Protein chains: 2
Amino acid sequence: MKARVHVTLKSGVLDPQGEAVRHALGALGFDGVNGVRQGKVIELDLDETDAARAETAVRAMCDKLLANTVIEDYDVEIAG
Amino acid sequence: MKARVHVTLKSGVLDPQGEAVRHALGALGFDGVNGVRQGKVIELDLDETDAARAETAVRAMCDKLLANTVIEDYDVEIAG
C-alpha cells in the first residue's frame, strides 16, 4: 500500500524558501506570482494492506518524525 | 488561481534523504516500511485566471527554475 504525505508550513509561519523562489521567478520574467509556499511530499511504500490501519500508522509517523507539528501541517493520502 | 507542483526524483535516481527517513522510521519502531521517497511541493498563487494559460506558465517555471529535469519529474495541478 502506498501513502503520500504533504507537509506544509502552517499559514502565518514565514517561508523564506518560498519567498526566495518567488523573487527568482520575478527575476526570470514570470509576473503575476503573488505568493509561493514550499513544502515536502513524502511517498511511503508500506506492507500494511488495510487502508484505515495504514492511515493510522502514517499519522503516527508524521507526529513523531515527518512533520514538526508546532509549525507544520500535514495531510495523508492512502492509495491502493 | 492556485497551482500546486510536485517535484519528485525520477525513479532510479538515488534518494539519500528518503533512505534516511526510512532508517529513522525503523529505529522508531515503525516496521513494514519498504521504501520512502522525498520530494518537494510548491504552492503558487497566480494572477492568471485562465486555467490553460496558468498551466502553461507553471510548466515553463518548472522547466526553468522549479525542477531539475535531468533528475526530477514534476506534475502540475491547477485549482480555481
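Chain A has the name Phosphoribosylformylglycinamidine synthase subunit PurS in an unreviewed UniProt entry, where Oceanomicrobium pacificus is given as its organism. The annotation that UniProt attaches to chain A under Subunit (unreviewed entry) is "Part of the FGAM synthase complex composed of 1 PurL, 1 PurQ and 2 PurS subunits." UniProt lists a comment for chain A under the heading Catalytic activity (unreviewed entry), and it reads "N(2)-formyl-N(1)-(5-phospho-beta-D-ribosyl)glycinamide + L-glutamine + ATP + H2O = 2-formamido-N(1)-(5-O-phospho-beta-D-ribosyl)acetamidine + L-glutamate + ADP + phosphate + H(+)".

**A short note on the interface of chain A and chain B**
Each side of the interface is counted separately: chain A has 30 residues, and chain B has 30 residues. Both faces considered, chain A and chain B share a buried interface measuring about 2700 Å² in area, 63% of it formed by carbon and sulfur atoms. Between chain A and chain B we count zero salt bridges in total. In this assembly, chain A and chain B are joined by 13 residue pairs in polar contact (both at pLDDT 80 or more). Of all the elements in the fold, those that place two or more residues in the side of chain A that touches chain B are β1 (2-9), α1 (16-27), β2 (33-46) and α2 (51-66) of chain A.

**Concerning the nonpolar core**
Of all hydrophobic cores here, the largest spans 19 residues; its most connected members are A:V5, A:L44, A:L46, A:V58, A:M61 and B:L25. With five residues, α2(A) is the largest single contributor of residues to this core. When residues no more than four places from it in sequence are discounted, the contact partners of A:V58 are A:A3, A:V5, A:L44, A:L46, A:V76 and A:I78. Residues A:L25, A:V33, B:M61 and B:L66 belong to the second largest nonpolar core, which totals 18 residues.

What counts, and where the lines are drawn
- Residues numbered from 1 in each chain as written.
- Chains lettered and ligands numbered in written order.
- Predicted model: local features only at pLDDT ≥ 70, side-chain atom pairs only at ≥ 80, totals over all residues.
- Heavy atoms only, no water.
- UniProt positions renumbered as here; feature names shortened; annotations may be inferred.
- Contact = heavy atoms within 4.5 Å.
- Buried area = accessible area lost by both parts, 1.4 Å probe.
- Salt bridge = Lys/Arg side-chain N within 4 Å of Asp/Glu carboxyl O.
- Polar contact = N/O pair within 3.5 Å; in protein donor to acceptor, adjacent residues only side chain to side chain.
- Helix = DSSP H or I, 4+ residues; strand = E, 2+ residues; numbered from the N terminus.
- Core = buried A, V, L, I, M, F, W, Y, C linked by side-chain atoms within 4.5 Å.
- Buried < 20%, exposed > 50% of the residue type's maximum accessible area, 1.4 Å probe, protein only.

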